[in-house]
Amino acid sequence: MNDPTQYVVKYFGYIIEAILILAIVFDLCFSIYQLIILRSSGLEELVYSAVGNAFFALVLLELFEGVHDFIVKSPQGLRHVVEAGLSYIIREIIIDISTGIKDIYSLSALAIVIIALSVSLYFLVLTKNTQ
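Residues numbered from 1 in each chain as written. Predicted model: local features only at pLDDT ≥ 70, side-chain atom pairs only at ≥ 80, totals over all residues. Heavy atoms only, no water.

Student: Tell me about the overall build of the protein chain, residues and numbers included.
Tutor: Per the secondary structure count, the protein chain includes four helices and zero strands. When the elements of the protein chain are put in sequence order from the N terminus, they spell out α-α-α-α. Since a compact globule built from 131 residues should have a radius of gyration of about 14 Å, the 18 Å found for the protein chain marks it as more spread out than a globular shape. Buried positions account for 27% of the 131 residues belonging to the protein chain. Taking the intrachain contacts of the protein chain between residues at least 6 apart in sequence as the baseline, contacts between residues at least 24 apart amount to 66%. When the accessible surface of the protein chain is split by element, carbon and sulfur atoms take 72% of a total near 8900 Å². Averaging the locations of the 7 positively and 12 negatively charged side chains of the protein chain gives two centres separated by 5 Å. (Helix = DSSP H or I, 4+ residues; strand = E, 2+ residues; numbered from the N terminus. Rg over C-alpha atoms; globule rule 2.2 N^0.38 Å. Buried < 20%, exposed > 50% of the residue type's maximum accessible area, 1.4 Å probe, protein only. Contact = heavy atoms within 4.5 Å. Areas by Shrake-Rupley, 256 points an atom, 1.4 Å probe, with all protein chains shown as cover. Lys, Arg positive; Asp, Glu negative; His and termini not counted. Charge placed at Lys NZ, Arg CZ, Asp CG, Glu CD.)

In structure tokens form, the structure reads like this:
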């Protein structure tokens, strides 16, 4: 007899995938809207907005891949989540620097998180290559 937990996990996984796809579509639409609104603000403002929105879409895409890999029971799911975390932290650093917030303590904390996630990703890739 099949375990009903598998079906519940798959069902909610598909719901989360659908929500992430909608979030990616909304982010892209918001990016286009923001580019239209900011076109008279100058090139620098336009570029920072586009880069920040692109990194957010990348984070959502990495999370989508992680959820999908979890549903199909692929061992790559954790790797995608770590990559999403890296993308998000890099996005936050770009936003902090572009908006003029250059608090050394917050940037140092974000750098420590990047180092921790990078080491985690290294070990994930290393264990994948040895298997």
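Structure's up, so let's keep going.
Student: Give me helix α3 (residues 77-98): which residues, what numbers.
Tutor: The terminal C-alpha atoms of α3, which comprises 22 residues, lie 32 Å apart, in line with the 32 Å expected from a rise of 1.5 Å per residue. Positive backbone phi, approximately 95 degrees, marks G100, located one or two places after α3. (Expected span 1.5 Å × (residues − 1).)

Student: Talk me through helix α1 (residues 4-38); I want residue IDs and the actual numbers.
Tutor: The end-to-end C-alpha distance of α1, which contains 35 residues, comes to 50 Å, matching closely the 51 Å that a straight helix rising 1.5 Å per residue would cover. Burial in α1 covers these residues: G13, E17, L20, I24, D27, S31 and L38. In this structure, the buried residues of α1 make contact with α2 (43-71).

Student: Kindly report on the confidence of the model for the protein chain, identifying the contributing residues and their values.
Tutor: Within the protein chain, residue pLDDT values average 82, and 92% of them lie at 70 or more. At the low end of the mean pLDDT range in the protein chain sits α3, at 80; at the high end sits α1, at 87. (pLDDT = per-residue confidence, 0-100.)

Student: Give a description of the packing of α1 against α2 that names residues and reports values.
Tutor: The interhelical angle for the contact between α1 and α2, taken along N-to-C directions, is 170 degrees, at an axis separation of 9 Å. One way to sum up the angle between α1 and α2 is to call them roughly antiparallel. A breakdown of the residues in the contact of α1 with α2 according to their chemical character gives 21 nonpolar, six polar and four charged. (Axes fitted to C-alpha atoms, helices over the stretch in contact; angles between N-to-C directions. Parallel < 35°, antiparallel > 145°, perpendicular 65-115°, else oblique. Nonpolar A, V, L, I, M, F, W, Y, C, P; charged D, E, K, R; others polar.)

Student: Which residues make up the pattern of salt bridges, and what values go with them?
Tutor: In this structure the tally under the stated criterion is two salt bridges. Residues E92 and R91 are paired through a salt bridge, measuring 3.0 Å at the closest nitrogen-oxygen approach. (Salt bridge = Lys/Arg side-chain N within 4 Å of Asp/Glu carboxyl O.)

Student: Can you explain a nonpolar patch on the surface? Please cite residues and give values.
Tutor: A grouping of V8, Y11, F12, I15 and I19 is seen on the molecular surface, where their side chains present a nonpolar patch of about 490 Å² in accessible area. Here I15 shows up in helix α1. Note on I15: relative accessible area 31%, which makes it partly exposed. (Patch = residues over 30% accessible without salt bridge, like charges linked within 9 Å, V, L, I, M, F, W, Y side chains within 5 Å.)

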